[in-house]
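Spelled out from the first residue to the last, the chains are:
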Amino acid sequence: GKKGGFDKIIAMIDEMVADTPHGDMTLEDLGSGMMEATIETQSVDELERIIEDSDLLRTIAMLDGDVTVTITFAADGTTTMTILQQL
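Note that the structure is predicted; figures quoted are calculated from it, not measured.

**Student:** Where do I start with the pairing of strand β3 (residues 66–73) in this structure?
**Tutor:** Here eight bridges tie β3 to strand β4 (residues 79–86), and the two strands are oriented antiparallel to one another. Paired with Thr68 across the bridge in β4 is Leu84. What sits between β3 and β4 in their antiparallel hairpin is a turn of five residues, with Gly77 showing a positive phi close to 95 degrees.

Structural data, given as structure tokens:
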């Protein structure tokens, strides 16, 4: 697929997350060509819904460079997906 810039793709992901009542996304420029986006949801069900209702994973795959996705399941039930892009 066609690769794309961080800002445009993250904006698309942000729209997907915005439709989730308890979903929240934060962005951070880590410097040295590294960008990080963090999606936090109150439950694994919410994150699963975002993934199923949108093309979230396909959209993430459109990012340029090396991209790593980490999903953390916290003891309190909250779920965090971290998207790390290294150009």
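**Student:** When you look at helix α2 (residues 44–53) in this model, what are you seeing that I'm missing?
**Tutor:** Think of an α-helix as turning once every 3.6 residues; residues three or four places apart then point the same way. All buried positions along α2 are accounted for by Glu46, Leu47 and Ile50. Taken end-on, α2 shows its buried residues confined to a sector of 100 degrees, consistent with a single buried face. The exposed residues of α2 that point more than 90 degrees off its buried face are Glu52 and Asp53. Residues of α2 that are buried sit in contact with α1 (6–18), β2 (34–41), α3 (56–61), β3 and β4.

What counts and how
- Per chain, the residues get numbers from 1 upward, laid out in the order the sequence is written.
- Only residues with pLDDT of at least 70 get local features here, since the model is predicted, and only at 80 or more are side-chain atom pairs given and counted; chain-wide, interface and lining totals rely on the full set of residues.
- Side-chain descriptors were evaluated using all non-hydrogen atoms of the structure, hydrogens and water having been removed beforehand.
- Pairing between two strands requires that DSSP report at least two bridges joining them.
- The way it works is that DSSP assigns letters per residue, a run of H or I at least four long becomes a helix, a run of E at least two long becomes a strand, and they are numbered from the N terminus.
- Partly exposed describes any residue whose relative accessible area lies between the buried limit of under 20% and the exposed limit of over 50%, with all areas from a 1.4 Å probe on protein chains only and scaled to the type maximum.
- Think of the arc as the fan of directions from the helix axis to the C-beta atoms.
- We call two residues in contact when some of their heavy atoms are within 4.5 Å.

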